[in-house]
Amino acid sequence: MAESPRVAVVTGAARGIGASIAQRLAADGRAVAVLDLSEESTEETVRAITAAGGRAIGVGADVSSADDVKRAVDHVATTLGPPTILVNNAGILRDNLIFRMTEDDWDAVVSVHLRGAFLMTRAVQTHQVKQEWGRIVCLSSISALGNRGQANYTAAKAGLQGFVKTLAIELGRYNVTANAIAPGFIATDMTRITAERMKLTHEGFLAQVAREIPVGRVGKPEDIAAAAAFFTSDEASFVSGQVLYVAGGPKA
Ligand code: NAP
């Protein structure tokens, strides 16, 4: 009898980088739970995966809510099987210079990126430990190195780098690896918001940024999906606690 496919959960997968990662993991033979704030918002990603012959379900959950996360991970385990691949991708921006940054700006960003990754990982690692196999990938950012107007976001993205290193140490004995991808500039709705904040058109902003990137272009969600496919593969079993900058150069 054929082995059932490994089950992956990708958070924030309704659009952007998460949608691309979900599609890539499905193309690689994983059954994928496409998780985002509402189940309806995941329909397009789920449809794209099933149209390409893959297996996916949509799951609505706020990753910063412990109740939502428990319900979502239980639902995935019952519907698709024990989730053993987790990609913590859900994210938001609340940019402001430090003197203008409100407590809400800080709490919202830290809640989604850091608390969300913590809650999702705590719920999924139970299944990974039981299965004695697992892959965890967190989306960090080149902003972890510092970026004007993003004290909240940069702190969260740097925090995720420490988080995966500790997961690698704690979970390695169960054949569970944990790594981070630090994307450079990837054209998505998130960069559209940044362009609006800077009072630029998205296209103009992309062209301006591309001039500063050694490979001469901005990134695509598929560039990040390729890195996620490697980290979640069977053959990456000796790669853990690492941060891979996917930025078209040593820094963007
Ligand atoms: P995006 O287009 O804004 O997509 C983020 C997704 O996360 C959205 O579908 C969003 O839902 C969802 N989400 C937000 N809060 C959530 C929550 N509490 N629970 C569940 N889902 C939630 O972002 P992206 O550009 O693809 O970025 C994806 C990840 O890569 C983020 O972690 C980001 O920080 C990181 N990253 C991006 C870039 C870049 O250049 N784009 C660079 C470095 C790192 P809604 O649409 O309903 O808000």
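Heads up: these notes are all about the structure in this document. (Residues numbered from 1 in each chain as written. Predicted model: local features only at pLDDT ≥ 70, side-chain atom pairs only at ≥ 80, totals over all residues. Heavy atoms only, no water.)

**Some thoughts on empty space enclosed by the protein**
Inference 1: In total, this model carries 1 cavity of 30 Å³ or more according to the counting rule given.
Inference 2: Its boundaries defined by the atoms lining it, the largest cavity holds a volume of some 70 Å³.
Inference 3: Looking at the largest cavity, it is lined by 14 residues, and the ones nearest its centre are Asn88, Asn89, Ala90, Val112 and His113.
Inference 4: Within the residue set of the lining of the largest cavity, elements represented by two or more residues are helix H4 (103–131), strand S5 (134–139) and helix H5 (151–171).
Inference 5: A per-element tally of the lining of the largest cavity places H4 first, with 5 residues. (1 Å grid on protein atoms, 1.4 Å probe; cavity = no way out; pocket = protein on both sides within 12 Å on 5 of 7 lines; lining within 4 Å. Points joined across faces, edges and corners; volume = space filled by probe spheres on them. Helix = DSSP H or I, 4+ residues; strand = E, 2+ residues; numbered from the N terminus.)

**Some points on the nonpolar core**
Within soluble globular proteins, side chains that are nonpolar tend to cluster in buried spots.
Inference 1: Grouped together as the largest cluster of nonpolar side chains are 26 residues, with contacts concentrated most on Val10, Ile21, Leu25, Val32, Val34, Ile181 and Ile224.
Inference 2: Secondary-structure elements contributing two or more residues to this core are strand S1 (7–11), helix H1 (16–27), strand S2 (31–36), helix H2 (43–51), strand S4 (83–88), S5 and helix H8 (221–231).
Inference 3: Ignoring anything within four residues of it in the chain, the contact list for Val34 reads Val10, Ala13, Ala14, Ala22, Thr42, Thr45, Val46, Ile49, Ala56, Ile57, Gly58 and Val59.
Inference 4: Val7, Leu35, Leu119 and Ala123 belong to the second-largest nonpolar core, a separate cluster that totals 21 residues. (Core = buried A, V, L, I, M, F, W, Y, C linked by side-chain atoms within 4.5 Å. Buried < 20%, exposed > 50% of the residue type's maximum accessible area, 1.4 Å probe, protein only. Contact = heavy atoms within 4.5 Å.)

**Some thoughts on helix H3 (residues 66–79)**
Inference 1: With 14 residues, H3 extends 20 Å from end C-alpha to end C-alpha; this agrees with the ideal 20 Å at 1.5 Å per step.
Inference 2: All of the buried residues along H3 are Val69, Ala72, Val73 and Val76. Considered in projection along H3, the buried side chains sweep an arc of 95 degrees and stay on one side of the axis. Along H3, exposed side chains directed more than 90 degrees from the buried face belong to Asp67, Lys70 and Thr78.
Inference 3: Tucked inside the fold, the buried residues of H3 contact S1, S2, strand S3 (55–60), S4 and H4. (Expected span 1.5 Å × (residues − 1). Arc of directions from axis to C-beta.)

**Side note on the side chain of Gln161**
Inference 1: Within the fold, Gln161 resides in helix H5.
Inference 2: Polar side-chain contacts of Gln161 include one of 3.1 Å to the side chain of Ser140.
Inference 3: Residues in contact with Gln161, not counting those within four places in the same chain, are Ser140, Ser141, Ala144, Ala182, Val243 and Tyr245. (Polar contact = N/O pair within 3.5 Å; in protein donor to acceptor, adjacent residues only side chain to side chain.)

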